[in-house]
Amino acid sequence: MNYFPDEVIEHVFDFVTSHKDRNAISLVCKSWYKIERYSRQKVFIGNCYAINPERLLRRFPCLKSLTLKGKPHFADFNLVPHEWGGFVLPWIEALARSRVGLEELRLKRMVVTDESLELLSRSFVNFKSLVLVSCEGFTTDGLASIAANCRHLRDLDLQENEIDDHRGQWLSCFPDTCTTLVTLNFACLEGETNLVALERLVARSPNLKSLKLNRAVPLDALARLMVCAPQIVDLGVGSYENDPDSESYMKLKAAVKKCTSLRSLSGFLEAAPHCLSAFHPICHNLTSLNLSYAAEIHGSHLIKLIQHCKKLQRLWILDSIGDKGLEVVASTCKELQELRVFPSDLLGGGNTAVTEEGLVAISAGCPKLHSILYFCQQMTNAALVTVAKNCPNFIRFRLCILEPNKPDHVTSQPLDEGFGAIVKACKSLRRLSLSGLLTDQVFLYIGMYANQLEMLSIAFAGDTDKGMLYVLNGCKKMKKLEIRDSPFGDTALLADVSKYETMRSLWMSSCEVTLSGCKKLAQKAPWLNVEIINENDNNRMEENGHEGRQKVDKLYLYRTVVGTRMDAPPFVWIL
Amino acid sequence: MSTEEELQSNVSVASSSPTSNCISRNTLGGLKEHNYLGLSDCSSVGSSTLSPLAEDDKATISLKATELTLGLPGSQSPARDTELNLLSPAKLDEKPFFPLLPSKDEICSSSQKNNASGNKRGFSDTMDQFAEAKSSVYTEKNWMFPEAAATQSLTKKDVPQNIPKGQSSTTNNSSSPPAAKAQIVGWPPVRSYRKNTLATTCKNSDEVDGRPGFGALFVKVSMDGAPYLRKVDLRSYTNYGELSSALEKMFTTFTLGQCGSNGAAGKDMLSETKLKDLLNGKDYVLTYEDKDGDWMLVGDVPWEMFIDVCKKLKIMKGCDAIGLAAAPRAMEKSKMRA
């Protein structure tokens, strides 16, 4: 098998970077497994409870970069109680003890404490990159330790975290010798920012490419920052003053013009719409635009900006853009690959929103579109069929019709046929989110056609266990299945227990599964952690009599090689 | 007998093909109004209204059964072995709708954590629950649209799905008053970070400054002597006249109180005109605080300009308003701004 010495093979493996490929390599033979594991530098763990740090380190002693995901996806929507788990501290402690040369840590939906950040900052001399997405549990004090102790910090990227802002001076904790920053993203911080410290930091960071500011950085500071960092590629604007005086505005305009490398724009948390025109000169270079937090930029200003963005590949906006606005996008942004349209009015009332027309327009105008997340008020089968015809290349298709169970608003039919057309046409579809009125039929289509589907999100859909069975039997590559408020029960759950070994996780909430069904499953599959999350009525499940037939509120099961976790809170039962 | 009906209902709503959808719709089509109205009628009456229902097509009855059995999945038997159970079992239970009262009770207790009495919770309440089940975007009004809503409600897939599922999704929240547009937990699926950020942005823009464009423009309105403030959306009016009548309506109670204590004419004698006099005439003046923090008399500048600069409103007693900016200064200010 091995015609070459190990070093040569290892060198070849260095060119293989995708996790899937490296995992495949490691399965070829024992010697490749061995070579691969010693040479693996980046490890991705999709469920932090599937494995533990000790085993991780035993297998990959040379790891430099670790990605960990904690809570299930539906935790984003408040369906998972805060204390559920996903603590990073044990991981950092174990990594610190092992003296592995950690350089990068990327966490998603995990609980991070100041203590863990402090430990992280002190334990790894070469630590370079910290990326936290949707995490919680820490404060700016933790950030201060990172700033102070990580001598070679390159990336500090905080995306949508819940951070307790102590309004301290974490920015001034970066030593004067720190000149290596490439990414600085603190847009999610709510408090005041030390502008002086920030400006000095930016001025001494010649490699800074990505800078995302929080709400507290006003317009004139923004102009100064841009002057310090004309090499910026990715900019997150914090706030725009309400009525900037002409001098500030002119300064900003001048600064923007110099940023010829700017490719990505985001933020605008508080923005005076007419100030957007300051950015028009660089719009023709933009490949990514995220205005999904810019609640105050409406209609015409949005459109004026977008009309300049002919090279846009990624666009995140609010539905206040309207169908007409989407038509402008469709005619302007021919390179568009990813579109996300978020709902602007979450309290109900449905003012300007988007409909199926906007979606159809986009599909017709943007041939390269492969990822979409679309919140809308209404949809039709006809529109979805058209979209499928126009865009057979979808990898991610997530449609959220705001009103649960809403049928095709023209024919009053379920949307089975529309989604069916999507899965049939889009042979590379990996992620799908369903909404609207749906019967078992749509799941039959999904099972039949969605061969590459890895993640499926179901809410308020289906009629019987058959629906879930179609999916479990048909989608061979399913990794994450999450279901809420759908009538799937024990029959579907128990039909093929071995299927769950091929999946990362299954979430079912407000469905028809019962406690006895879950117990049976746990018995049949000891390599699964079957968790019942029962926040209310802690003891109800224990009452005798109807115990077995009690419906389970939230079920989360996942494969694991390390058995039951020890850090589960009292309201989580692991069967 | 109830089993028979159950089977009947199973058959009538059995197939999932579009054609039978139509069929079931059509057979029920003629009855849908009756369904809708009949059930709401019986909300408070109870079993006496059962007889007209009983005379109807069995399909109707069974459909009503499905509509009425709002019991949460947990309240019904979860036995699901038969093939006939195409609808989720929670909807087709033995206890169905005979008699209405007890089953409503059951529905009540299982569907709401804070129980309302069975009698009160009739169809109108169940309808409200349905409204609850839907996202908050969905309003009561939608129900009244005859074709779409009724058809929607009677399409067999719709009915069984909406109500129980909606309920089951609200296990840990929205035990809110039936009439409210309660939100389903975690719906729409938007990250809480995003929700909070947008909420903060909107709140800030409301309080700090009004901006041209979409959305409401709420400003506080205070009145001397009134125990609490109100808020009005300036964008919902198109001129001063509309604003002033709205304010009059809002602050009627306080004015009346004043009148009474002054020994002036009692409530009966007060008419709208008198109120107007009170507000526009000697006793009260309407003032506003502008962007610069100055208090100005309302009415001097063009309406569009006014809503652009107005931060707060105050209904002052006439005597207090002496010395406030009169017309000339107001115009001067507006010229400067223009």
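One can find the structure itself at the top, above this paragraph.
Here goes a summary of the coordinates provided. Remember, predicted model here, so these are calculated numbers, not experimental data.

### Things to note about the overall build of chain B
Tallying secondary structure elements over chain B gives 15 helices and five strands in all. By residue count, 49% of the 338 residues in chain B fall in the buried class. Nonlocal contacts in chain B, meaning residues at least 24 apart in sequence, comprise 63% of its contacts between residues at least 6 apart. Roughly 15700 Å² of accessible area belongs to chain B as shown, and the carbon and sulfur atoms make up 57% of that amount.

### A look at the overall build of chain A
A tally of regular secondary structure across chain A gives 19 helices and 23 strands. The buried share of chain A, taken over its 575 residues, is 61%. In chain A, once contacts between residues fewer than 6 apart in sequence are set aside, the share between residues at least 24 apart is 72%. Per element, the accessible surface of chain A, about 21800 Å² overall, is 52% carbon and sulfur.

### Re the environment of His308 of chain A
All names here are of chain A. As for its position among the elements, His308 is in the loop between α11 (299-306) and β13 (314-318). Residue classification places His308 among the partly exposed positions, given a relative accessible area of 35%. For His308 and His280, which are 28 residues apart along the polypeptide, the C-alpha to C-alpha distance reads 6.6 Å. Setting aside anything within four residues of it in sequence, one finds His308 in contact with His280, Cys283 and His284. A polar atom in the side chain of His308 sits 2.9 Å from the backbone oxygen of Lys304.

### Considerations on the sheet that holds strand β2 (residues 230-233) of chain B
Residue and element names in this part refer to chain B. Read across the sheet, five strands follow the order β2-β1-β5-β3-β4 without closing on themselves; strand pairing throughout is mixed. Two strands in the sheet have a free side with no partner beyond their single neighbour: β2 and β4 (295-297). Between one strand axis and the next, the sheet turns by 35 degrees as a mean value, whatever way the strands run. Where strand β1 (residues 218-223) meets β2, four bridges bridge the pair, whose relative direction is antiparallel. In the strand pairing of β2, Lys220 is matched with Lys231.

### A look at the packing of helix α15 (residues 416-425) of chain A against helix α16 (residues 440-449) of chain A
All names here are of chain A. Between α15 and α16, whose axes approach to 9 Å, the crossing angle comes to 5 degrees. In this view, α15 runs roughly parallel relative to α16, as classed from their interaxial angle. Facing Asp416, Glu417, Phe419, Gly420, Val423 and Lys424 of α15, the residues of α16 in contact are Gln441, Val442, Tyr445, Ile446 and Tyr449. Of the residues in the contact of α15 with α16, the class split is six nonpolar, two polar and three charged.

### Brief notes about the packing of aromatic side chains
Here the distance between the centres and the angle between the planes together describe a pair of aromatic rings. Applying the stated criterion across every chain yields a total of 22 aromatic pairs over all chains. Residues Tyr556 of chain A and Tyr558 of chain A carry aromatic rings whose centres are separated by 5.3 Å and whose planes lie at 45 degrees to one another, so their mutual orientation is tilted. Of the two residues, Tyr556 of chain A and Tyr558 of chain A, neither departs from the other in class, the shared state being buried. Between Tyr240 of chain B and Phe306 of chain B, the aromatic rings sit 5.2 Å apart at their centres with planes inclined by 50 degrees, giving tilted as the arrangement. Taken together, the residues span a long stretch of sequence, with Tyr240 of chain B in helix α11 (residues 240-250) and Phe306 of chain B in helix α14 (residues 303-309) at a distance of 66 residues. Given the relative accessible area of 0%, Phe306 of chain B is considered buried. Arg565 of chain A extends its terminal NZ or CZ atom over the ring of Tyr49 of chain A, reaching a point 4.5 Å from the ring centre. Stacked on the ring of Trp84 of chain A, the Lys or Arg Arg565 of chain A has its end atom at 4.4 Å from the ring centre.

### Here we look at the environment of Met226 of chain A
Residues and elements named next belong to chain A. Here Met226 lies in helix α9 (residues 219-228). Along the chain, Met226 and Ala255 lie 29 residues apart, while their C-alpha atoms are 5.8 Å from each other. Those residues within four positions of Met226 in sequence are excluded, and the remaining contacts are Leu235, Leu252, Ala255, Val256, Cys259 and Phe279.

### Here we look at a negative patch on the surface
Taken together, the side chains of Asp6, Glu7, Glu10 and Asp14 of chain A define an acidic patch exposed on the protein surface. Checked against the element boundaries, Asp14 of chain A lands in the loop between α1 (6-13) and α2 (19-26).

### Notes on the nonpolar core
Within the largest apolar cluster, 184 residues are counted, with the highest numbers of intra-cluster contacts made by Leu66, Leu184, Phe279, Phe397 and Ile446 of chain A. If you tally residues by element for this core, the top one is α9 of chain A, at six residues. Aside from chain neighbours lying at most four places away, what touches Ile446 of chain A is Val423, Leu432, Leu434, Leu453, Leu456, Val471 and Cys475 of chain A. Counting residues in each nonpolar core, the second largest holds 26 residues, with Val232, Tyr237, Val301 and Val309 of chain B among its members.

### Section: α11 of chain B
Listing the buried residues of α11 of chain B in full gives Leu243, Ser244, Ala246, Leu247, Glu248 and Met250 of chain B. A distance of 3.0 Å separates the backbone nitrogen of Gly241 of chain B from a side-chain oxygen at the start of α11 of chain B, and that oxygen is part of Asn239 of chain B.

### Considering the pairing of strand β15 (residues 371-376) of chain A
Successive residues of a regular strand alternate their side chains across the two faces of the sheet. Residues and elements named next belong to chain A. With six of six residues buried, β15 is to be regarded as a mostly interior element. Taking every second residue as pointing to the same face, both faces of β15 are buried, with Ser371, Leu373 and Phe375 on one and Ile372, Tyr374 and Cys376 on the other. Taken together, the four bridges between strand β14 (residues 338-342) and β15 define a ladder with parallel strand orientation. For Arg340, the partnering residue across the bridge sits in β15 and is Leu373. Note that β15 and strand β16 (residues 396-401) share six bridges and pair parallel. Note that in β16 the partner of Tyr374 across the bridge is Leu399. Chirality of the crossover, the property in question, places the unit of β15, helix α14 (residues 381-390) and β16 among those that are right-handed.

### Remarks on helix α5 (residues 89-98) of chain A
All names here are of chain A. Residues of α5 that are buried include every one of Leu89, Trp91, Ile92, Ala94 and Leu95, and no others. If you follow the buried residues of α5, they end up packed against β1 (42-45), α4 (53-59), β2 (65-69), β3 (104-108) and α6 (114-123). Downstream of α5 by a residue or two, Arg99 has a phi angle that is positive, lying close to 60 degrees.

### Re unusual backbone geometry
Following Trp187 of chain B, the chain continues to Pro188 of chain B via a peptide bond in cis, the omega torsion being -5 degrees. Mapped onto the elements of the fold, Pro188 of chain B is located in the loop between α9 (158-169) and α10 (192-208). At Asp485 of chain A, a position not held by glycine, the phi torsion is positive, near 50 degrees. With respect to the helices and strands, the residue Asp485 of chain A is situated in the loop between β19 (480-484) and α18 (490-495).

### Observations regarding the state of the cysteines
Residue and element names in this part refer to chain A. The full count for this structure, using the stated rule, is zero disulfides over all chains. Residue Cys366 stays outside any disulfide, its sulfur separated by 6.5 Å from that of Cys333, the closest cysteine. For Cys366, a relative accessible area of 0% corresponds to the buried category.

### A short note on the packing of α5 of chain A against α6 of chain A
The relative placement of two packed helices is expressed as an angle between their axes plus a distance between the axes. Residue and element names in this part refer to chain A. For the pair α5 and α6, the least separation of the axes is 9 Å and the interaxial angle reads 20 degrees. Between α5 and α6, the interaxial angle falls into the category roughly parallel. The hand of the α5/α6 crossing is left-handed. Of the residues in α6, those in contact with Leu89, Ile92, Glu93 and Ala96 of α5 are Glu115, Ser116, Leu119, Leu120 and Ser123. For the contact of α5 with α6, a count of residues per class yields five nonpolar, two polar and two charged.

### Side note on the pairing of β1 of chain A
Residue and element names in this part refer to chain A. Here β1 shows a clear split, with Val43 and Ile45 buried on one side and none of Lys42 and Phe44 buried on the other. Alignment of β1 against β2, held across four bridges, turns out to be parallel. Bridge assignment links Val43 to a residue of β2, and that residue is Leu66. Crossover β1 to β2 through α4 is right-handed.

Quick notes on the rules
- Throughout, a residue's number is its position along its own chain's written sequence, starting from 1.
- Chain A is the first chain written and ligand 1 is the first ligand written, with later ones labelled in order.
- Local features in this predicted model are restricted to residues whose pLDDT is 70 or higher, and side-chain atom pairs enter the listing and the counts only when it is 80 or higher, whereas totals over whole chains, interfaces and linings include all residues.
- In computing side-chain values, all of the structure's heavy atoms are included and hydrogens and water are not.
- The helix count covers DSSP runs of H or I at least four residues long, the strand count covers runs of E at least two residues long, and both are numbered beginning at the N terminus.
- Exposure classes here rest on a 1.4 Å probe applied to the protein chains alone. A residue is buried below 20% of its type maximum, exposed above 50%, and partly exposed in between.
- Contacts: residue pairs with any heavy atoms within 4.5 Å of one another.
- Using a 1.4 Å probe, accessible areas were evaluated by the Shrake-Rupley method; residue-level cover was limited to the displayed protein chains.
- Definition of a polar contact: a pair of N or O atoms within 3.5 Å, with one able to donate and the other able to accept a hydrogen when the atoms are protein atoms, and with sequence-neighbouring residues admitted only if both atoms are side-chain atoms.
- Strand pairing requires that DSSP identify at least two bridges connecting the strands.
- Angles shown run from 0 to 180 degrees and are taken between the N-to-C directions of axes, each axis being a line fitted to C-alpha atoms and, for helices, limited to the stretch in contact.
- With respect to orientation, any angle under 35 degrees is reported as roughly parallel, any angle over 145 as roughly antiparallel, any angle of 65 to 115 as roughly perpendicular, and every other angle as oblique.
- Gly counts as polar in this scheme, as do all residues outside two lists: the nonpolar Ala, Val, Leu, Ile, Met, Phe, Trp, Tyr, Cys and Pro, and the charged Asp, Glu, Lys and Arg.
- Side-chain rings of Phe, Tyr and Trp, where Trp is taken by its six-membered ring, are said to pair if the distance between their centres is within 6.5 Å; with planes under 30 degrees apart they count as stacked, over 60 as edge-to-face, and otherwise as tilted.
- Whether a charge lies above a ring is judged from NZ of Lys or CZ of Arg, which has to be within 6 Å of the ring centre and within 35 degrees of the ring normal.
- Distance thresholds for patches are 9 Å for like charges and 5 Å for nonpolar side chains (Val, Leu, Ile, Met, Phe, Trp, Tyr), applied to residues having over 30% relative accessible area and no salt bridge.
- Every case where a carboxyl oxygen of Asp or Glu lies within 4 Å of a side-chain nitrogen of Lys or Arg is listed as a salt bridge.
- We count Lys and Arg on the positive side and Asp and Glu on the negative side, and we leave His and both chain ends out.
- Here the site of a charge means NZ on Lys, CZ on Arg, CG on Asp, or CD on Glu.
- Think of a nonpolar core as a cluster: buried Ala, Val, Leu, Ile, Met, Phe, Trp, Tyr and Cys residues, connected wherever their side-chain atoms sit within 4.5 Å.
- A clockwise course of the path from the first strand over the helix to the second, judged with the strands pointing away from the viewer, identifies a crossover as right-handed.
- Note on disulfides: each one is a pair of cysteine sulfur atoms within 2.5 Å.
- By convention the crossing between two helices is left-handed if the near helix lies anticlockwise of the far one by an angle smaller than a right angle, and right-handed if it lies clockwise.

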